[in-house]
Amino acid sequence: FETICSTFILVNAVFAIFAANYDIQHLGQEQPFFMASMEVIFVSWYTLEILLKLKVHGFYFFVGKLWRWNLFDSFLVALALYDQIITSFAHMDATFMRTMRILKVAKISRTVRLVRFFRELR
């Protein structure tokens with residue numbers, strides 16, 4: 001399960017860089033369907049991951065050894081869900097939407113958690 005999650009994080013990090021570059025080059029334009037679909041897939045996966053971890057670990061999710069990572073992941077997933085809802089259902093000011101796109105780049109910080117995974121492989 002951790003390997004699958006780590007793979008998703010790496011692929012998402014690469015995709016986030018690609019999407020941010022595309023957004024900068026095409027300011028004011030909507031993302032292509034493929035890019036929007038990939039965003040939904042990533043957010044859905046991360047939401048499922050958090051829900052599965054909550055189901056398996058219960059309250060330990062918030063107090064166990066990895067509680068900081070779990071909180072960090074939960075915050076990023078909540079931010080991504082908020083972004084998806086705002087993007088899908090509201091036509092906001094372009095400046096606000098650009099700000100939200102920049103916050104998507106913050107998702108790349110999930111790759112920091114991979115350091116722990118790779119350290120465990122040694």
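Residues numbered from 1 in each chain as written. Predicted model: local features only at pLDDT ≥ 70, side-chain atom pairs only at ≥ 80, totals over all residues. Heavy atoms only, no water.

Draft legend 1. Geometry of the environment of Ala-80. With respect to the helices and strands, the residue Ala-80 is situated in helix α4 (residues 67–89). According to the relative accessible area criterion, Ala-80 is buried, its value standing at 11%. In sequence terms Ala-80 and Val-40 are 40 residues apart; their C-alpha atoms lie 9.3 Å from each other. (Helix = DSSP H or I, 4+ residues; strand = E, 2+ residues; numbered from the N terminus. Buried < 20%, exposed > 50% of the residue type's maximum accessible area, 1.4 Å probe, protein only.)

Draft legend 2. Looking closely at the environment of Ala-78. Topologically, Ala-78 is positioned in helix α4. Its relative accessible area of 44% is what places Ala-78 among the partly exposed residues. Considering only alpha carbons, one finds Ala-78 and Val-43, 35 residues apart in sequence, at a separation of 9.3 Å.

Remember, this is a structural readout, not a statement about activity or role.
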